[in-house]
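Okay, here's what each chain looks like letter by letter:
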Amino acid sequence: MDIRAARYKVIHLVREGITEEYRLPDLLSAILILATTESTSALPSHKEINPFTPPPLGSKWLEVYTQKPISEVHWHAIETLIRMHGGIHKLKTYGSAWQISLTGLMRSTMIMTQPPYPLISPEGYEYPDISPLQYLGIQNAPASVSAIGGFSLLQIENIQSSVIKRFVELREFVFVSENLASAQSQPFHRDTLMDCRNLIQHRLLSLPDSSDPSSSDLLFVAPSADNPQMRMIYESCLSTALLFSIHVIFPLPAPSIPRTILLDRLLVALSSVDIIAEILLPGWSEMSLWCAFIGGIAALNSENRGFFVAKIKDAALACGLESWEQTRAQLERFIWLGLACDARAIELWREACKLMQDTEGVMDEMEQ
């Protein structure tokens, strides 16, 4: 169905009055075509630069349908129709709910909001809440891949385990991606891999909003554990994980809008954690190091890059790191993919080292 046919179909069905449930999928399908192709925004004149190097997982549909924003007018029409007919689970036509939930995921990724619907399979069921390794049937992964690793600070400070596991799941998928990049053959069907990738993105976007006061029960083990500083530390992790995802695992062809949103959130969050946390919170220096490296890579050619270089310098000094090899070992305790991150990260490390040397030189002059 082309755009002209879709537009005609929508007008025809609306004029008739959509009351028969069996005709709803046709209308939704037509509006979806308009929503993903009729945006008032023009296609970018040049391809945006991805400062990371994503692995070749294969995502042609992502490249096609996320080049431009999804039309909000048409999307709101879809949400209204679905609500009028009792929700997305009422759609019984094969692939209809899947198509809508996937479009909702793409839209949420492009504007950084929580997905409006659960992710639905083509057959109409929700995907099971299992880890990527379980979903893909991988049984021989090192224990460190599924360990809490550097995210232990979140556990110590009483962040819900249901939240922490989403970061660990992203690391599991990174492990899969890294192994696939060097494998001679793929041990599972590409559709299964893409379903898993979509699930990871959906789960990250569905995590509690740190700025929402009502999210306390979802975010913390007990209300007494809720405090502004831990919310900012959690936001640092979430913004960093999403920055990594939209460039490496769920790579958008035009990520500038969500990247700007996430970099702003990360900058505010890192700036809001006071100096006392560097001393009193075990693991924060290591965590802020990871956040600053991912943020710094994403901020290539941005005015905020200097902020992240300074954060890398401070965190590296707090951690006692003296080489890139030591630093990389710390980063791998969080979420890291060498083939995607190392080249730009080494540049950041060199800038941070120069900043350390410059600072030491100034201190020496002051002492003299």
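A brief structural summary. From a predicted model like this one, the values you see are computed outputs, not experimental measurements. (Residues numbered from 1 in each chain as written. Predicted model: local features only at pLDDT ≥ 70, side-chain atom pairs only at ≥ 80, totals over all residues. Heavy atoms only, no water.)

1. Notes on the overall build of the chain
In plain terms, the rule: Helical segments are the DSSP runs of H or I of at least four residues, strand segments are the runs of E of at least two, and each set is numbered from the N terminus. Between buried and exposed lies partly exposed: a residue is buried under 20% and exposed over 50% of the maximum accessible area for its type, with that area taken using a 1.4 Å probe on protein chains only. Two residues form a contact once any of their heavy atoms are found within 4.5 Å. Per-residue accessibility takes into account occlusion by the displayed protein chains alone, with areas from the Shrake-Rupley method and a 1.4 Å probe.
Looking only at helices and strands, the chain features 17 helices and zero strands. Out of the 368 residues belonging to the chain, those deemed buried represent 51%. Long-range contacts, defined as pairs at least 24 residues apart, comprise 75% of the intrachain contacts of the chain with a sequence gap of at least 6. By element, 54% of the accessible surface of the chain is carried by carbon and sulfur atoms, the whole surface being about 17,500 Å².

2. A word on the environment of Gln201
Structurally, Gln201 is set in helix 9 (residues 190-205). Between the C-alpha atom of Gln201 and that of Pro115, which follows or precedes it by 86 residues, the distance is 9.8 Å. Those residues in contact with Gln201 that sit more than four places away from it in its chain are Leu105, Thr109, Leu242, Ser245, Ile246 and Phe250.

3. A few points about the pattern of salt bridges
Rules: We define a salt bridge as a side-chain nitrogen of Lys or Arg found within 4 Å of a carboxyl oxygen belonging to Asp or Glu.
Considering all chains together, one arrives at twelve salt bridges under this definition. With its nearest N and O atoms 3.0 Å apart, the salt bridge here joins Glu169 to Arg166. Of this pair, Glu169 and Arg166 are both found in helix 8 (residues 161-182), three residues apart, which corresponds to roughly one turn of the helix. Note on accessibility: Glu169 and Arg166 belong to one class, buried. Through salt bridges with shared partners, a single network forms among Asp129, Lys165, Arg166, Glu169 and Arg203.

4. Overview of the packing of aromatic side chains
The following threshold applies: Here is the rule: rings of Phe, Tyr and Trp (six-membered ring for Trp) pair when centre to centre is within 6.5 Å. Planes less than 30 degrees apart are stacked, more than 60 are edge-to-face, and the remainder are tilted.
Inspection of the entire model under this criterion finds ten aromatic pairs. With a centroid separation of 5.5 Å and 90 degrees between ring planes, the pair formed by Phe151 and Trp290 is classed as edge-to-face. In this pair, Phe151 sits in the loop between helix 6 (132-135) and helix 7 (152-156) while Trp290 sits in helix 14 (residues 284-298), placing the two residues 139 residues apart along the sequence. For the pair shown, Phe151 and Trp290 are each scored as buried. Through a chain of ring-to-ring contacts, the aromatic side chains of Phe151, Phe167, Trp290 and Phe334 assemble into a single cluster.

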